[in-house]
There are 2 protein chains.
Amino acid sequence: MVNIAILGFGTVGSGVAEVIEENRERIAGSAGEEICVKYIVDIRDMPDSPFASRLIRDFSVVESDPEVSVVVETIGGTRAALEFTRRALSAGKSVVTSNKELVAAHGLELLAIAKEKNVNYLFEASVGGGIPIISPITQCLTANEIDEVYGILNGTTNYILTRMIAEGCPFDEVLREAQRLGYAEADPTADVEGYDAARKICILADLCFGKNVDPEAIRVEGISGISLTDVDCAGGLGYKIKLLGRAYRLPDGRVTAYVAPHLISDKYLISRVDGVMNGIVVHGNALGECLFYGAGAGKRPTASAVVADVIDAVKHRQRRRTIGWEPADGNALADARDMATFWYVRCAGSPDVRALNPRRTLERGGERVYLTGSLTARELDAALGPADVRAKFRIL
Amino acid sequence: MVNIAILGFGTVGSGVAEVIEENRERIAGSAGEEICVKYIVDIRDMPDSPFASRLIRDFSVVESDPEVSVVVETIGGTRAALEFTRRALSAGKSVVTSNKELVAAHGLELLAIAKEKNVNYLFEASVGGGIPIISPITQCLTANEIDEVYGILNGTTNYILTRMIAEGCPFDEVLREAQRLGYAEADPTADVEGYDAARKICILADLCFGKNVDPEAIRVEGISGISLTDVDCAGGLGYKIKLLGRAYRLPDGRVTAYVAPHLISDKYLISRVDGVMNGIVVHGNALGECLFYGAGAGKRPTASAVVADVIDAVKHRQRRRTIGWEPADGNALADARDMATFWYVRCAGSPDVRALNPRRTLERGGERVYLTGSLTARELDAALGPADVRAKFRIL
């Protein structure tokens, strides 16, 4: 029997405890021994919880108990979560987490402690919720040079965009509805402004390209500036607007990563990833393109990924899983503004049409919509010059 | 450095050699040591191949060379492939394969030999080509009770159906075109009649449900009976016709598996899996639904999966990966004919409409199309009674 502790008994933490109870037999079969939740660490009282008897407040009990070999960190954020993860790893315990903020910001340091202590730091649930994506990248695509990874990485923004597209509801109204349904938080900034997606694309870039990509250092644009006019124009041209996190390797070995709304042709499968679902595309030089689709958040899907990592940590107690990446020097990250791409532009006035090199042009009530040739953001801005720009989005 | 041997230097075998050459550095990084192709066993001469110097004809050289620790079997079929796999495993070498026919028919026996010898028998490439699916099921979904797995598992039939749907070309014509383009073999029976998909759904069922499912024992229906009339009717009702392999667990613990054309609502993502691509859906009790999409065949995608398994075998030389399943007794498999489902039926004459309990009915030039209530195949046949049945397909 293996004893574990769960730090933070919120949505994901309680889901982990429930899934371990419910699928006890299957999990014991997979892990080779029974997995038992010995402690749940939370500062709140929960007298009505079926797990109340295991609830403690003091992490140091876990830290100093040699019986606990795996710690699940579902606290979130980078304060207590960082401290407890450092201490658990240093105490020779493997740590499993769903905390993308922590992995994106401190994964490099925490993986180094794990390596030194010969334990595991695993985070399948940090990207794509229950969708297997970290393991496939680190184990199944190992024969490939991975060129590119991108995806719909945030369910809240995808839900909002899906309803804007399907029903023609404006952003503010759908956001309020999403908050009412629990799909968006009271403070929706991290989702709506793209910061959550930024953490996830950085973790994917770290793993795919082997160099640390700092979420603070990449360009991030959210969905609050998307109007129904653009949803409508895009739809008429055969595109949907989706928020993508995207990262790729340049021929010179540098990596670029960013988050931004994109127009996606409705011929691409990923344009059909709707509602709160996530979809992630990985491109390898042998494999070609592969898409992973499923619930990117939620109590039980996320718990599914966390518990799979717990099982993996139990099976690898004598052998560390070799995942990780290197620190990046100052020149490893290329600015997304310097990367050429096709653009959708809506403007009034007179841009330099020759420089825009448009493949398509639409007139629309005094405005013009251009689908441009391949331009960097700087070239685009120069070409738009004195025009009054109402919207500009990349095209996948 | 690790030495491997490749048995069978056809499309996949030569792809494996190429990918190992091309991504040498990346692969060495993943495996922790360099991987070197020491022998290629084939009965043909290939003087012009860059690998000609490693070509041998006699498998026993590989078998008796203690330097070879991993053998790649890309011979195909169940004759030489079975014999050489048995002998390689018995000689204490791990075996990696893309051979679905062999895994579906003899996986149970070969995994038992691997277990006894404490080596690995790995077959990620046997289902879904380059798409990671076996590893996600056996490693990432281990916290789930898996309820159901289904998918578009054969690229040839999906290519044919996609063109029938998109262009209104009849089956025979598209098949000839597919043969000309190399998407279908000269003898297309295994693909077109569903036998290839049957092998794959049996391997998925083996892994998801833990009991051996014999491809000879399941119901298999191919696509040669699909007419443009049905493609057209289905399209008008909001469905596409796709060939699915499908397996699920019944409440009593039995498993059912089958291959048959299905009508799929165009609201489902899998209905958009077109051309030669494959898509596989797995449903777990914690995860919910997850879809894996990519190239289900082809030289490099398949080689990508084979080489990832080689790397895995190299990393696990001291430790067997615990995948496998149990023999099934006579009652473990439930007949798909006894499972209730919704049906699309096209007929002339007078069925028992009350028993069909249709949700929709269409008149069409003297024929009627029904989308029925939930019925077993036996109930459906009874309800159709004396009517002249022109087509009947399940609805997903």
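Residues numbered from 1 in each chain as written. Chains lettered and ligands numbered in written order. Predicted model: local features only at pLDDT ≥ 70, side-chain atom pairs only at ≥ 80, totals over all residues. Heavy atoms only, no water.

Considerations on the relation of the copies chain A and chain B
What relates the pair of chain copies is a rotation about an axis plus a shift along that axis. Here is the rule we go by: Least-squares fitting of one copy onto the other uses the C-alpha atoms of those residues that reach a pLDDT of at least 70 in both copies. Here a residue-residue contact requires only that any non-hydrogen atoms of the pair lie within 4.5 Å.
Between the two copies, chain A and chain B, the superposition gives an RMSD of 0.0 Å; the rotation angle is 180° and the shift along the axis is 0.0 Å. Accordingly, the operation relating the two chain copies is best matched by a two-fold axis. If distances are taken from each C-alpha of chain A to the rotation axis, the shortest is found for Phe 292 of chain A, at 2.5 Å. Here 100% of the contact residues of chain A are again contact residues in chain B; the copies associate through an equivalent surface.

Side note on the interface of chain A and chain B
Worth spelling out the cut-off: Buried area counts how much accessible surface, traced with a 1.4 Å probe, disappears from two parts once they are put together, with both parts' losses summed. Put simply, a salt bridge is a Lys or Arg side-chain nitrogen that is within 4 Å of an Asp or Glu carboxyl oxygen. Polar contacts, as used here, are pairs of N or O atoms within 3.5 Å; protein pairs need one atom able to donate a hydrogen and one able to accept it. Residues neighboring in sequence count only if both atoms are side-chain atoms. Secondary structure elements are defined from DSSP: runs of H or I of at least 4 residues count as helices, runs of E of at least 2 residues count as strands, and each element is numbered from the N terminus. Gly counts as polar in this scheme, as do all residues outside two lists: the nonpolar Ala, Val, Leu, Ile, Met, Phe, Trp, Tyr, Cys and Pro, and the charged Asp, Glu, Lys and Arg. Strands pair, by our definition, only if DSSP identifies at least two bridges between them.
Counting residues at the interface gives 45 residues for chain A, matched by 45 residues for chain B. For the chain A and chain B pair, buried surface summed over both sides reaches about 4000 Å², with 51% attributable to carbon and sulfur atoms. Across the chain A-chain B interface, the total number found is zero salt bridges. Counting across the interface, chain A meets chain B through 17 residue pairs in polar contact (both at pLDDT 80 or more). Only helix 1 (11–22), helix 2 (24–31), helix 6 (134–140), strand 12 (288–295) and helix 12 (299–315) of chain A provide two or more residues apiece to the side of chain A that touches chain B. When its residues are assigned to classes, the side of chain A that touches chain B shows 24 nonpolar, 12 polar and nine charged. Two strands pair when backbone bridges link them, and strand 12 of chain A and strand 12 (residues 288–295) of chain B are joined in this way by five bridges, in the antiparallel orientation. Paired with Gly 294 of chain A across the strands is Cys 290 of chain B, a residue of strand 12 of chain B.

A look at a nonpolar patch on the surface
The condition is simple: Patches here are clusters of residues that have more than 30% relative accessible area and form no salt bridge, with a 9 Å joining cutoff for like charges and a 5 Å cutoff for nonpolar side chains (Val, Leu, Ile, Met, Phe, Trp, Tyr). Using a 1.4 Å probe, accessible areas were evaluated by the Shrake-Rupley method; residue-level cover was limited to the displayed protein chains. Residue exposure (1.4 Å probe, protein chains only): buried if accessible area is under 20% of the type maximum, exposed if over 50%, otherwise partly exposed.
A surface patch of nonpolar side chains, about 240 Å² in accessible area, is lined by Leu 181, Tyr 183 and Val 276 of chain A. For Leu 181 of chain A, a relative accessible area of 41% puts it in the partly exposed group.

Thoughts on helix 5 (residues 100–117) of chain A
Each α-helix turn comprises 3.6 residues. Residues three or four places apart therefore point the same way. Residues and elements named next belong to chain A. Our working rule: Every helix has an expected span of 1.5 Å times one less than the residues it contains.
For helix 5, with 18 residues, the first-to-last C-alpha span of 22 Å runs short of the 26 Å given by 1.5 Å per residue. Along helix 5, the positions that sit buried rather than exposed are Leu 102, Val 103, Ala 104, Gly 107, Leu 110, Leu 111, Ile 113 and Ala 114. In this structure, the buried residues of helix 5 make contact with strand 4 (68–73), helix 4 (80–90), strand 5 (94–97), strand 6 (121–122) and helix 10 (195–209). For helix 5, the side-chain oxygen to backbone nitrogen distance between the N-cap and Glu 101 is 3.3 Å, and the N-cap itself is Asn 99. Downstream of helix 5 by one or two residues, Asn 118 has phi in the positive range, about 55°.

Let's talk about the side chain of Arg 346 of chain B
Locating Arg 346 of chain B in the fold gives a position in strand 13 (residues 342–348). Residue contacts for Arg 346 of chain B: discarding those within four places in its chain leaves Ser 227, Thr 229, Asp 230, Glu 367, Arg 368, Val 369, Asp 388, Val 389, Arg 390 and Ala 391 of chain B.

As for the domain arrangement of chain A
Operational definition: Segmentation of the chain into domains, including their bounds, is taken from an automatic or database domain assignment.
Taken as a whole, chain A is organised into domain 1 (2–129 + 299–315), domain 2 (134–294) and domain 3 (340–395). Computed from C-alpha atoms alone, the centre-to-centre distance between domain 1 of chain A and domain 3 of chain A is 49 Å.

Comments concerning the packing of helix 5 (residues 100–117) of chain B against helix 10 (residues 195–209) of chain B
Residues and elements named next belong to chain B. Here is the rule: Axis definition: a line fit to C-alpha positions, over the contact stretch in the case of helices; interaxial angles, taken between N-to-C directions, run 0 to 180 degrees. We call two directions roughly parallel when the angle between them is under 35 degrees, roughly antiparallel when it is over 145, roughly perpendicular when it lies between 65 and 115, and oblique otherwise. Two helices cross in a left-handed way if the nearer one is turned anticlockwise from the farther one by less than a right angle. They cross in a right-handed way if the turn is clockwise.
Orientation of helix 5 relative to helix 10, taken along the N-to-C sense of each, is 50°, at an axis distance of 9 Å. As the angle between them shows, helix 5 and helix 10 are arranged oblique. Both helix 5 and helix 10 take part in a crossing whose hand is left-handed. Across the interface between the two elements, Lys 100, Glu 101, Val 103 and Ala 104 from helix 5 touch Asp 196, Arg 199, Lys 200 and Ile 203 from helix 10. Residues belonging to the contact of helix 5 with helix 10 are distributed by class as follows: three nonpolar, no polar and five charged.

Concerning the pairing of strand 9 (residues 239–249) of chain A
Residue and element names in this part refer to chain A. Burial within strand 9 is extensive, with 10 of its 11 residues counted as buried. Strand direction decides the pairing type here: strand 9 and strand 10 (residues 255–265), joined by 11 bridges, are antiparallel. When the bridges of strand 10 are listed, Tyr 248 appears paired with Thr 256.

Quick word on the pairing of strand 2 (residues 35–41) of chain B
Residue and element names in this part refer to chain B. A large share of strand 2 lies buried, amounting to five of its seven residues. Relative to strand 2, strand 1 (residues 2–7) runs parallel, the two being bridged by six bridges. From the neighbouring strand, Ile 4 faces strand 2, where its bridge partner is Val 37. In this sheet, strand 3 (residues 55–56) lies alongside strand 2 in parallel orientation, the contact comprising two bridges.

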